[in-house]
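A look at the structure
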Amino acid sequence: SLASSPSGARAALSPALSSVSRLVLTLFAGFMSREMLMDVTDVEGDRAAGVQTVPVRHGLRYASRAALASAMVMAALAVSGPAGRLVAAGWVAAASAGEGIVPVLSAVASALLGARGD
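First things first, this report covers the structure right here in the doc. As the structure is a prediction and not an experimental result, all values here were calculated from the model.

Thresholds, definitions, all that
- Numbers given for residues are sequential positions, taken from 1 along each chain in its written order.
- In keeping with the predicted nature of the model, local features appear solely for residues at pLDDT of at least 70, side-chain atom pairs appear and are counted solely at 80 or more, and the whole-chain, interface and lining totals rest on all residues.
- Working from all heavy atoms in the structure, the side-chain values ignore hydrogens and water.
- A run of DSSP states H or I qualifies as a helix once it reaches four residues; a run of E qualifies as a strand once it reaches two. Both are numbered from the N-terminal end.
- Whether two residues touch is decided by their heavy atoms; if any such pair falls within 4.5 Å, the residues are in contact.
- Nonpolar side chains (Val, Leu, Ile, Met, Phe, Trp, Tyr) are joined into patches within 5 Å and like charges within 9 Å, using only residues with over 30% relative accessible area and no salt bridge.
- Note on areas: Shrake-Rupley, 1.4 Å probe, and residue coverage restricted to the protein chains presented here.
- For salt bridges, the criterion is a side-chain nitrogen of Lys or Arg within 4 Å of an Asp or Glu carboxyl oxygen.

A look at the side chain of Thr-26
Here Thr-26 is to be found in helix H1 (residues 6–41). Leaving out residues up to four positions away in the same chain, Thr-26 has contacts with Met-74, Leu-77 and Ala-78.

Next up, the structure:
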């Protein structure tokens, strides 16, 4: 059977692992971006308390750029999977929606149903 061989099991788990990995990396990048931005806003307090954050050690400019880069990674990962298809379907439906919300909901449902296995 497919799952009894190591390569078959790996192939069967691959889509699930890629989705989980993408989710974990997306969340990590988002949290890192947010935390660095919070450290930027509290740099004076951290410096006074002797807390060695990224902005304290490397400066506000470096920390801001690192936070932006992390946010960009998060955004790229977020739209590279099922969510990207969902957003694209919503945009297409919204652009052609002369009949109200029904085409938008239909496109969203189609995107969600078509996103299985990602």
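Here we look at a nonpolar patch on the surface
On the surface, Leu-23, Leu-27 and Phe-31 cluster together into a nonpolar patch covering about 310 Å² of accessible area. Among the structural elements, Leu-23 can be located in helix H1.

Some remarks on the environment of Val-54
In this fold, Val-54 is placed in helix H3 (residues 54–58). Taking C-alpha positions, Val-54 is 9.9 Å from Leu-37, a pair spaced 17 residues apart along the chain. In this structure Val-54 touches Met-36, Gly-59, Tyr-62 and Ala-63, once residues within four positions along its chain are discounted.

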